[in-house]
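Coordinate analysis (summary)
Now for the letters of each chain:
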Amino acid sequence: MAKSESKRETAHPPVSQPQTVFRHRLSTRIWHWVNAVAIFVMLMSGLMIFNAHPRLYWGQYGANLDQPWLVLPRFPGWATLPSNYDLALGRHWHLAFAWVLAFGLLAYLVWSLFNGHLRKDVALSRAAVAPAHLWEDIKKHARFDFHESEARYNPLQKITYSLVLFGLIPLLILTGLTMSPGMNAAFPWLVDVFGGRQSARSIHFICAMGIAAFIIVHLVLVILAGPVNEIRSMITGWFRLSPPPASNSGDSA
Amino acid sequence: MIITRRNILVGGAAGLLSGCDALGKNEDFRKLLALGEKGNFAIQRSLQDRMALAKEFRPQQRSPVFRMNGTRQPRGEAYAKHASEKFANWRLTVDGLVARPQAFSVAQLMAGPKRSQITRHDCVEGWSAIGKWTGIPLKLLLDAAGLKSQARFLVFHCADKMGFGTPYYESIDLIDAFHPQTILAWALNDETLMIGNGAPLRLRVERQLGYKQAKYVERIEAVDDLSKLYGGKGGYWEDGAGYEWYAGI
């Protein structure tokens, strides 16, 4: 499955005949959509919870009479879940979908480790992160050139996915647990790692904003790269390649 | 074409949002969502050692000012009279499913064994304050009263009346009741408890959130079932606002 098998056996079909390749395996597609729902619920219910005390602090403690590093106005109703102020219900949503997020990620990572998805598709080869190749990829992105002539992800894509998979979401889960007084008693080291409950709350918020930024860029790129083809590939797995204009086809893996 | 597509997107997003709000109002769906927090209760109790302590801090790590929250001044003449008498006639009763119902004056409690702990108070809203609490371990009062074998929860009846005259109350299970850091505090930061912080007696259950830390406690009742009390969910905010009874996260 991983060998980007093509429907047609011809190695290089004419440019006029777009090639369709199998890009996303089932586990990736299932996780993508389950996670999409979970992430949206987490972000919006998280903003509801943030609205209860829209101030952030560093350190062990922090309340109204202490010095915050960030004070924000409350997020509007269209951005929160529920849309009216209801901290208890926001917590119900957040703490229920936290299970979906955390165990979804765990299942996906374990599965992707065994089926080779991480090694073959996400891990960066030395060649891919070579400065020259990376620079080419950055230039391609800067040109808004989203012709995808290969089934594989490009290096910037891999770097971004790795940051989300191994950075932002795990940090969100760990800082989320750190805010729990019950977990603090069970795993006291957790609160020490992040330098206090209020620091954990700040890091939690920063990572959530990172995820929100990722989602915006992700959706913009899907639209620029051809939304029908991209969304279809995340449903069926099959992706139609779009080779770059004949003049520059010097893309190498 | 683009306009219609955008309309579909915007309309779809709005539909999803109102759909989520509608789901959140559905009683069965709320129960489903609440399973997430019930799961937290189960997993935290299995990961935590029963006696695992909440983190205790050094004196210099305390908040410069310990924020007051909730009721700052209980209404009513009865409480005002107690306050004017410096709580000399305040009685804490321990009754319900106990072998020997008890009544203690504040002076008696202050003269008894005490425990001091510098702990972090975490509000459900997200803020935290660190302070030093001094009080008598709840276990000692329960041992004096002798819990009957049917007793499963302890209910803390408070002197502050909330909206519509409903009294504040809270409840904990026996694991938290016998936890070494569970105390009835009469001092904060080495000073007699102020009214805003719950004078004369405030419960400290250090492994849970702020709304469990009942203030103005005047009666501790041992019960076998919470559903018969007030709104049936074991606490004022649990009944009125829908907060989880177990507030460990």
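This one's a predicted model, so the numbers in the text were calculated from it and none came from an experiment. (Residues numbered from 1 in each chain as written. Chains lettered and ligands numbered in written order. Predicted model: local features only at pLDDT ≥ 70, side-chain atom pairs only at ≥ 80, totals over all residues.)

1. A few points about the overall build of chain B
Helix and strand content of chain B: seven helices and 10 strands. Projected onto the principal axes, the alpha-carbon positions of chain B cover approximately 80 × 45 × 40 Å. A buried classification covers 41% of the 249 residues belonging to chain B. (Helix = DSSP H or I, 4+ residues; strand = E, 2+ residues; numbered from the N terminus. Buried ≥ 20, exposed ≤ 12 C-beta atoms within 10 Å, placed from the backbone.)

2. Quick word on the interface of chain A and chain B
Where interface size is given, it is often the accessible area lost as the parts come together that is meant. Taken together, the contact pairs 35 residues of chain A with 41 residues of chain B. Only α2 (87-114), α6 (181-186), α7 (188-193) and α8 (197-225) of chain A provide two or more residues apiece to the side of chain A that touches chain B. No other element matches α2(A), which puts nine residues into the side of chain A that touches chain B. When the residues that make up the side of chain A that touches chain B are grouped by side-chain class, the tally is 22 nonpolar, 10 polar and three charged. (Contact = placed C-beta atoms within 7 Å. Nonpolar A, V, L, I, M, F, W, Y, C, P; charged D, E, K, R; others polar.)

3. Let's talk about the confidence of the model for chain B
Across chain B, pLDDT averages 94, with 96% of residues at or above 70. For this predicted complex, the interface score ipTM comes out at 0.92, while the overall pTM is 0.90. (pLDDT = per-residue confidence, 0-100.)

4. Describing the pairing of strand β5 (residues 153-161) of chain B
All names here are of chain B. Buried residues dominate β5, accounting for seven of its nine residues. Examined bridge by bridge, β5 and strand β6 (residues 167-173) share six bridges and lie antiparallel to one another. Within β6, the position partnered with H157 by the bridge is Y169. Sheet analysis places β5 next to strand β10 (residues 217-223), joined by six bridges and oriented antiparallel. The residue bridging L154 from the neighbouring strand is A222, located in β10. (Pairing = 2+ DSSP bridges.)

5. Quick word on the nonpolar core
Counting residues in each nonpolar core, the largest one holds 54 residues, and the members touching the most others are B:L154, B:F156, B:C158, B:L184 and B:V217. The element that contributes the greatest number of residues to this core is β5(B), accounting for six residues. (Core = buried A, V, L, I, M, F, W, Y, C linked by C-beta atoms within 7 Å.)

6. Focus on the confidence of the model for chain A
Considering every residue of chain A, the mean pLDDT works out to 88; 89% of them sit at 70 or more. Confidence over residues 1-10 of chain A falls short of pLDDT 50; this stretch has 13 contacts with residues more than four positions distant or in other chains.

7. Observations regarding helix α2 (residues 27-47) of chain B
For α2(B), built from 21 residues, the straight-helix expectation of 30 Å at 1.5 Å per residue is met to within 8% by its first-to-last C-alpha distance of 30 Å. The axis of α2(B) is deflected most strongly, by about 25°, at B:G36. Inspection of α2(B) places B:L33, B:G36, B:E37, B:N40 and B:Q44 among the buried residues, and these make up the whole buried set. Contacts made by the buried residues of α2(B) are with α2 and α6 of chain A. (Expected span 1.5 Å × (residues − 1). Bend = angle between axes of the 7 residues up to and from the residue.)

8. As for the sheet that holds β6(B)
Residues and elements named next belong to chain B. Across the sheet, which stays open at both edges, the five strands sit in the order β2-β1-β10-β5-β6 with mixed pairing between neighbours. Edge positions in the sheet fall to β2 (102-105) and β6, since each of these pairs with one other strand and no more. Between one strand axis and the next, the sheet turns through 20° on average, direction left out of account. Sheet contacts for helix α5 (residues 138-145): β1 (91-96), β2 and β10; angle to β2, the most-contacted strand, approximately 140°. (Axes fitted to C-alpha atoms, helices over the stretch in contact; angles between N-to-C directions.)

9. Details of the domain arrangement of chain B
Segmentation of chain B into domains returns domain 1 (1-47) and domain 2 (54-240). Here the C-alpha centre of domain 2 of chain B lies 35 Å away from the C-alpha centre of domain 1 of chain B. (Domains from an automatic or database assignment.)

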